[in-house]
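Residues per chain are reported as follows:
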Amino acid sequence: SQTPIVTGLYTIIFPTLVFGLLASSRLLVVGADSATAAVLAGGLTALSVSGLTPGSAEWLAWCQLVALVTGVLLLIARVFKLGFIADFLPASVLIGFLTGVGIQVLSGQIPDMLGIPKGSGNWFEQQWAWISSLGSANLADVGYAVLTLALILGFKRFIPKVPGAVVAVILSIAISAALDSEADGVKVVGAVQGGFPPLGLPQGITLSDAVAVLGISLSCLVLIVAQSAATARSFGAKHGDRVDVNRDILGLSGANVAAGLTGTFVVNGSPTKTQILDSQGGRSQVSNLVMAGITLLVALFFTSFLAPMPSATLAAIVFLIGVDLIDFKGMRAILAQRQDEFVVAAITAVIVFA
């Protein structure tokens, strides 16, 4: 909510394109990520810069600056081959990491599926917020969520070659537009500004400003290297693919520089987007390059069609992605083999979502 909605689309156009051309991982998808977004928002809020308010043009320019500085730091990390850090991540940590992300993701979608405001505070306080507000759930939002879940699971069970999520999105948009669901209190995506991503350096930014965001970019660097390596290796191990973390760091560097030069913010390896690609049978970066092209077409010509989409539909889709990220099979296997490793996996999962 602190940058225009279209900047989210921009993160999966040129950044995805650059990463796909430079990286080694066959599945890892880069884009907007909640962890780096939180660091970015918190860091910029703490800066004492006159006129820097969330949502403003100046705010977006500083977001671009953080992406550019992060990209340069990632390039330095590649030069010094810091990808070896990922070698210290055991299988239990990787499984626990994705399980924790899955719990965090699915639990975060429940309020939108129920049509109630999201709570604030830590993870436990947020869960209590929606549990204690069940009586105010919007039945129309719940209906869209249930419809989406039913379509995705139904197609997955009976017609797996048809992407149920796409069917759910198109049908939900059509129903919402026909019934004017927004007038009935259903939260919708709303108007999305479209257009080609703006090219060039952020406006009104100086070299001294780059020094001011160095701390924010360093924090993003740590998160990006750790999360991207964990995600790439987890999915790589699943399919027997070898992952060169140092080459992925080069791709992440290029992706963040591209983000900073195309009007958007810092990007990271995304477990949820990678899970989507994996669940749809994608097995190479060609899928991501196609996605980037389709996203560009949407940004140029079709953003108006997204306006009536119920937020509950999107929340239900992401909810199931979170469910898929929870590695029940892997956790059971670790428990059966080594209980101490299971404890490590469980602690990792709890740390991620809590």
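The structure under discussion appears in the preceding block.
About the cut-offs
- Positions within a chain are numbered from 1, following the residues in the order the chain's sequence is written.
- Where local features are concerned, this predicted model is filtered to residues with pLDDT of at least 70; where side-chain atom pairs are given and counted, the filter is 80 or more; whole-chain, interface and lining totals use all residues.
- Values reported for side chains reflect all heavy atoms of the structure, with hydrogen atoms and water molecules removed beforehand.
- Working convention: axes come from line fits to C-alpha atoms, limited for helices to the stretch in contact. Angles between N-to-C directions cover 0 to 180 degrees.
- Strands here mean DSSP runs of E at least two residues long; helices mean DSSP runs of H or I at least four residues long; both are numbered from the N terminus.
- Throughout, the term roughly parallel applies to angles under 35 degrees, roughly antiparallel to angles over 145, roughly perpendicular to angles from 65 to 115, and oblique to all others.
- The sense of a crossing depends on the near helix, which, turned anticlockwise from the far helix by less than a right angle, makes the crossing left-handed and, turned clockwise, makes it right-handed.
- We call two residues in contact whenever any of their non-hydrogen atoms come within 4.5 Å of each other.
- Only Asp, Glu, Lys and Arg are considered charged, only Ala, Val, Leu, Ile, Met, Phe, Trp, Tyr, Cys and Pro nonpolar, and every remaining residue, Gly among them, polar.
- A pocket here means an open set of points on a 1 Å grid, computed over the protein atoms alone, that has protein on both sides within 12 Å along at least five of seven lines. A cavity is instead a set of points where a 1.4 Å probe fits but cannot get out; residues with an atom within 4 Å of a point line either one.
- Grid points are joined across faces, edges and corners, and a volume is the space filled by probe spheres set on the points.
- Note on classification: 1.4 Å probe, protein chains only; a residue is buried when its accessible area is under 20% of the maximum for its type, exposed when over 50%, partly exposed between these limits.
- Here a polar contact means two N or O atoms within 3.5 Å. Within protein one must be a hydrogen donor candidate and the other an acceptor candidate, and residues neighboring in sequence count only if both atoms are side-chain atoms.
- Note on aromatic contacts: the rings of Phe and Tyr and the six-membered ring of Trp form a pair at centre separations within 6.5 Å, being stacked when their planes are under 30 degrees apart, edge-to-face when over 60 apart, and tilted otherwise.
- Criterion for a charge above a ring: Lys NZ or Arg CZ within 6 Å of the ring centre, and within 35 degrees of the ring normal.
- Throughout this description, the term salt bridge denotes a Lys or Arg side-chain nitrogen within 4 Å of a carboxyl oxygen of Asp or Glu.

Draft legend 1. Seen up close, the packing of helix α10 (residues 214-239) against helix α12 (residues 271-279). Axis separation between α10 and α12 bottoms out at 10 Å; the angle between their running directions is 20°. One way to sum up the angle between α10 and α12 is to call them roughly parallel. For α10 against α12, the interelement crossing comes out right-handed. Along its contact with α10, which presents Q227, T231, F235, K238 and H239, the element α12 presents P271, T274, Q275 and D278. For the contact of α10 with α12, the class distribution of residues is 2 nonpolar, 5 polar and 2 charged.

Draft legend 2. Examining empty space enclosed by the protein more closely. One pass over the structure, following the stated rule, counts 2 cavities of 30 Å³ or more. One number sums up the size of the largest cavity: a volume of about 50 Å³. If you trace the largest cavity, you find 13 residues lining it, with S25, R26, L27, A232 and G236 closest to the centre. With 4 residues, α10 is the single largest residue contributor to the lining of the largest cavity. Here the second largest cavity is characterised by a volume of approximately 30 Å³.

Draft legend 3. Spatial organisation of the side chain of T231. Locating T231 in the fold gives a position in helix α10. Overall, T231 belongs to the buried group, its relative accessible area being 0%. A distance of 2.8 Å separates the side chain of T231 from the backbone oxygen of Q227, its partner in a polar contact. Apart from residues no more than four positions distant in its own chain, T231 is found in contact with L28, F97, L98, S270, P271 and T274.

Draft legend 4. Representation of the packing of aromatic side chains in the model. Counted according to the given criterion, the structure contains 5 aromatic pairs. Here the aromatic rings of W123 and F124 are separated by 5.0 Å at their centres, their planes lie at 90°, and the arrangement is edge-to-face. Between W123 and F353, the aromatic rings sit 4.6 Å apart at their centres with planes inclined by 55°, giving tilted as the arrangement. Of the two residues, W123 sits in helix α6 (residues 123-131) while F353 sits in helix α16 (residues 339-353), which places them 230 residues apart along the sequence. A residue is classified by how much of its surface remains accessible, and W123, at 18% relative accessible area, is buried. Here the aromatic cluster, defined as three or more aromatic residues joined through ring pairs, consists of W123, F124 and F353. In this structure, R157 packs its charged tip against the face of F158, placed 5.2 Å from the ring centre.

Draft legend 5. Inspection of the pattern of salt bridges at higher detail. One pass over the structure, following the stated rule, counts 7 salt bridges. Taking the shortest distance from any N to any O, the salt bridge between D324 and K156 comes out at 3.8 Å. Here D324, found in helix α14 (residues 311-325), pairs with K156, found in helix α7 (residues 139-158); they are 168 residues apart in sequence, far enough to count as distant. Given the relative accessible area of 36%, D324 is considered partly exposed. Exposure remark for K156: the relative accessible area of 54% places this residue in the exposed category. Here D278 and K238 are joined by a salt bridge, their closest N and O atoms 2.6 Å apart.

Draft legend 6. Region of the structure containing the packing of helix α5 (residues 91-114) against α10. Two elements in contact, α5 and α10, have axes separated by 9 Å at closest approach and are oriented at 105°. Classed by the angle they form, the pair α5 and α10 counts as roughly perpendicular. Residues L94, F97 and L98 of α5 form the contact with α10, whose own contacting residues are Q227, A230, T231, R233, S234 and F235. Grouping the constituent residues of the contact of α5 with α10 by class yields 5 nonpolar, 3 polar and 1 charged.

Draft legend 7. Quick look at unusual backbone geometry. You will see that K81, though not glycine, has its phi angle at about 55°, which is positive. Relative to the helices and strands, K81 resides in the loop between α4 (57-79) and α5. At D180, a position not held by glycine, the phi torsion is positive, near 50°. Relative to the assigned elements, D180 resides in the loop between α8 (164-179) and α9 (207-212).

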